[in-house]
Amino acid sequence: MTQGTSQRKELSACETAVLIDKVSFYYGNKKALSDICMKLPKNKVTAFIGPSGCGKSTLLRCLNRMNDLVDNVRLEGTISIGDQDINEPSKDVSDLRKRVGMVFQKFNPFPKSIYENVAYGPRIHGLKDKRELDEIVERSLKRVALWEEVKDRVHDSALQLSGGQQQRLCIGRAIAVEPDILLMDEPCSALDPIATARIEELIVELKERYTIIIVTHNMQQAARIADFTGFLFMGELIEFSATELIFRKPKEKKTEDYITGRFG
Amino acid sequence: MFSFLVPDRRCHADPMFWITVFFAGLVLLVAIIFFSYLIFESMPIWEQGVWAFLTSVEWEPAEDIYGAGAMIYGSFIVTTLALLFALPFALCGAVTASEFLSPRTRLVFKGAMEIMAGAPGVVYGLLGAALLSLWIKDFFGLIDGATLFTAGILLGIMILPTIMTLAEDAIHSVPGEYRDTALSLGLTPLQAFLKAVAPRALPGVIGAVLLGLGRALGETIAVMLVIGGLDIVPSGFDLFSPGQNIPSKLGREAAEAIGSGLHWNALLALGAVLFFGTMLLTGAGSWLLRRNKV
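Residues numbered from 1 in each chain as written. Chains lettered and ligands numbered in written order. Predicted model: local features only at pLDDT ≥ 70, side-chain atom pairs only at ≥ 80, totals over all residues. Heavy atoms only, no water.

## Observations regarding the overall build of chain B
Counting its secondary structure elements, chain B contains twelve helices and two strands. Secondary structure elements in chain B, listed N-terminal to C-terminal, are α-α-α-β-β-α-α-α-α-α-α-α-α-α. Principal axes of the C-alpha set define a box for chain B whose edges measure 70 × 70 × 30 Å. Counting over 294 residues, chain B shows a buried share of 45%. When contacts within chain B are restricted to residue pairs at least 6 apart in sequence, those whose partners lie at least 24 apart make up 72%. Carbon and sulfur atoms form 73% of the exposed surface of chain B, whose accessible area is close to 14900 Å². Averaging the positions of the 15 positive and the 21 negative side-chain charges in chain B gives two centres separated by 16 Å. (Helix = DSSP H or I, 4+ residues; strand = E, 2+ residues; numbered from the N terminus. Buried < 20%, exposed > 50% of the residue type's maximum accessible area, 1.4 Å probe, protein only. Contact = heavy atoms within 4.5 Å. Areas by Shrake-Rupley, 256 points an atom, 1.4 Å probe, with all protein chains shown as cover. Lys, Arg positive; Asp, Glu negative; His and termini not counted. Charge placed at Lys NZ, Arg CZ, Asp CG, Glu CD.)

## Re the confidence of the model for chain B
Mean pLDDT over chain B: 89, with 97% of residues reaching 70 or higher. Under the prediction, the complex receives an ipTM of 0.77, its pTM being 0.75. (pLDDT = per-residue confidence, 0-100.)

## Regarding the packing of helix H7 (residues 148-172) of chain B against helix H9 (residues 189-218) of chain B
Residues and elements named next belong to chain B. Viewed as axis vectors pointing N to C, H7 and H9 meet at an angle of 145°, and their least axial separation amounts to 8 Å. The element H7 and its partner H9 pack so that their crossing is right-handed. From H7, Leu 155, Met 158, Ile 159, Thr 162, Ile 163, Leu 166, Ala 167, Ala 170 and Ile 171 reach across to H9, where they touch Phe 193, Val 197, Ala 201, Gly 204, Val 205, Ala 208, Val 209, Leu 211, Gly 212, Arg 215 and Ala 216. Counted by class, the contact of H7 with H9 contains 16 nonpolar, three polar and one charged residues. (Axes fitted to C-alpha atoms, helices over the stretch in contact; angles between N-to-C directions. Left-handed = near helix turned anticlockwise from the far one by under 90°. Nonpolar A, V, L, I, M, F, W, Y, C, P; charged D, E, K, R; others polar.)

## Description of a nonpolar patch on the surface
All names here are of chain B. Where nonpolar side chains cluster on the molecular surface, the patch consists of Val 122, Val 123, Leu 126, Leu 127, Leu 131, Leu 134, Trp 135, Ile 221 and Leu 225 and spans about 800 Å² of accessible area. Looking at the nonpolar patch, the elements with two or more residues in it are helix H6 (121-140) and helix H10 (221-226). No other element matches H6, which puts seven residues into the nonpolar patch. Positionally, Leu 127 belongs in helix H6. (Patch = residues over 30% accessible without salt bridge, like charges linked within 9 Å, V, L, I, M, F, W, Y side chains within 5 Å. Salt bridge = Lys/Arg side-chain N within 4 Å of Asp/Glu carboxyl O.)

## What to know about the sheet that holds strand S5 (residues 84-85) of chain A
All names here are of chain A. Taken in spatial order, the four strands line up as S2-S1-S4-S5 in an open sheet, and their pairing is antiparallel. On the outer flanks of this sheet lie strand S2 (30-41) and S5, each paired with one strand and no other. One ladder, built from eight bridges, connects strand S1 (residues 16-27) with S2; its direction is antiparallel. Paired with Ile 20 across the strands is Met 38, a residue of S2. (Pairing = 2+ DSSP bridges.)

## Things to note about H9 of chain B
Taking 1.5 Å per residue, 30 residues should reach 44 Å; H9 of chain B reaches only 38 Å between its end C-alpha atoms and comes up short. At Ala 198 of chain B, H9 of chain B shows its largest bend, some 55°, and a proline, Pro 199 of chain B, comes one to four positions later. (Expected span 1.5 Å × (residues − 1). Bend = angle between axes of the 7 residues up to and from the residue.)

## Details of the side chain of Asn 265 of chain B
Residues and elements named next belong to chain B. Here Asn 265 lies in helix H12 (residues 261-293). The class for Asn 265 is buried, based on a relative accessible area of 10%. Within the structure, the side chain of Asn 265 is placed 2.6 Å from the backbone oxygen of Glu 41, a separation counted as a polar contact. In this structure Asn 265 touches Glu 41, Ser 42, Pro 44 and Ile 45, once residues within four positions along its chain are discounted. (Polar contact = N/O pair within 3.5 Å; in protein donor to acceptor, adjacent residues only side chain to side chain.)

## A short note on the interface of chain A and chain B
Contacts between the two partners involve 24 residues from chain A and, on the opposite side, 18 residues from chain B. Arg 61 of chain A is the partner of Asp 180 of chain B in a salt bridge, and the nearest nitrogen-oxygen pair spans 2.9 Å. Across the contact surface, chain A and chain B share six residue pairs in polar contact (both at pLDDT 80 or more). Among the elements of the structure, helix H3 (93-99), strand S6 (100-103), helix H4 (114-124) and helix H7 (163-175) of chain A are those that each provide at least two residues to the side of chain A that touches chain B. Along the lines of polarity and charge, the residues of the side of chain A that touches chain B split into 13 nonpolar, five polar and six charged.

## Quick word on the sheet that holds S6 of chain A
Residue and element names in this part refer to chain A. What the six strands build is an open sheet, ordered S6-S7-S8-S3-S9-S10; its pairing is mixed. If you trace the sheet from one side to the other, it starts and ends with S6 and strand S10 (236-242), each paired once. The sheet shows a mean angle of 15° between the axes of neighbouring strands, taken without regard to direction. Where strand S3 (residues 45-49) and strand S8 (residues 211-215) come together, four bridges link them in parallel fashion. When the sheet's bridge partners are listed, Val 45 is paired in S8 with Ile 212. Of the strands in this sheet, S6 and strand S7 (181-185) touch H7, which is tilted by about 165° from S6.

The structure is reproduced here in structure tokens:
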């Protein structure tokens, strides 16, 4: 634990997975993000916190270009994953999204079987071999700790699962396409505390293989699971450092006010 | 006695309450009268044999022989043609508007569709008689452009905007998460639509189609102007022959037969057939659309 803690404290000691450089983002004329600079560390859990409308979800959705679909938006600055600028026009956005998976607030399995949900991504990307698909499904479900619970009924409808199970299935569906990075947009906000605890446990386990970036409304959740936390307020990144520092010794007054519940 | 009214008795003292309820009750009463009239007045025909009336193609008011076969056939053919013609345009338009247009363009497109959907049938009828029937006559080398085919295509054009805009609503109301999830797995927008959105939107789209069909089935004046008005099932089921559908028959003969004997009963029986047909279609359509929203 002590070793882990000392490691966690140093952002500069970590390998960078995503480099966000002077990113500003506009919806029409409205500036939603201004001049964000961040290095998101590899194989760590990074949380974005902040009050509603602070831009944390917008920032998250910039990382797999989900904002492309919104009309009349503009991004300035660069976001790089590996050495590649993800917004380069030549870049295939489907490829990007294969590398950067996403889990949403509302667990939303497709109305198909458990198996089909997990096999969905690989299948769309051209994998047909039944044995390989079987392996992917089993591996993905094991990684999200769902395999033992469902292995006898993988061909039953995914909608029969409980909320927590459905969300784990959605995470499994996202990792079945072998991403490097997992984006999570308030993945527990629709779940009860017990299911939330399981997902949090899972997120901590998953960081061994994936870089995890999570948006959360729940500060305790960030404190429990994130190695690093960024606090956003009105489109600006107020503070970004090791989670412990943010929660124990925030440098900025605004961060402290938010953490201590004076607003938000 | 008034136990079906709100249980809070405090409003029972207010005359405004009773006036409100009275007018509402009147509507219900009219519906009941309307419905009973249709059934009772067409009884003499049903007593002669339901099946015979529905299948016989002879309609001779002079000899008091009435068979609805030709009109039912005409309604069926014209509606089917309308559907076949409208469906590809309406569905492709709906998908394009919902999935591939920017929000602003989408609204312009939808606005145009809704204006078209609201245009009175008679306007379509005039354009159909003036343009469409001539084009069809020339294109297929017919003697006369007033045919079942012409009526079908005209109805198709009429119901196209209705189906398109309702189907678009159904597609557009599929929660964004389904799209987002599919896209986040690396699907293209088209794949995301086909694999994730379309299956969800299907009941609503079918509902939209049924409502469009309901309109097609009941449309009178536009069809009257281009269908040809012959009570026949054409030999060889020729689509390019004049024909008759139920509303057009009613429109043509109602004035001369009002209240007079079996002819009137027969027209009301036709009306009842039409009524049940449209009721079934629109009922099923609304049900599917509603289910889609939940």
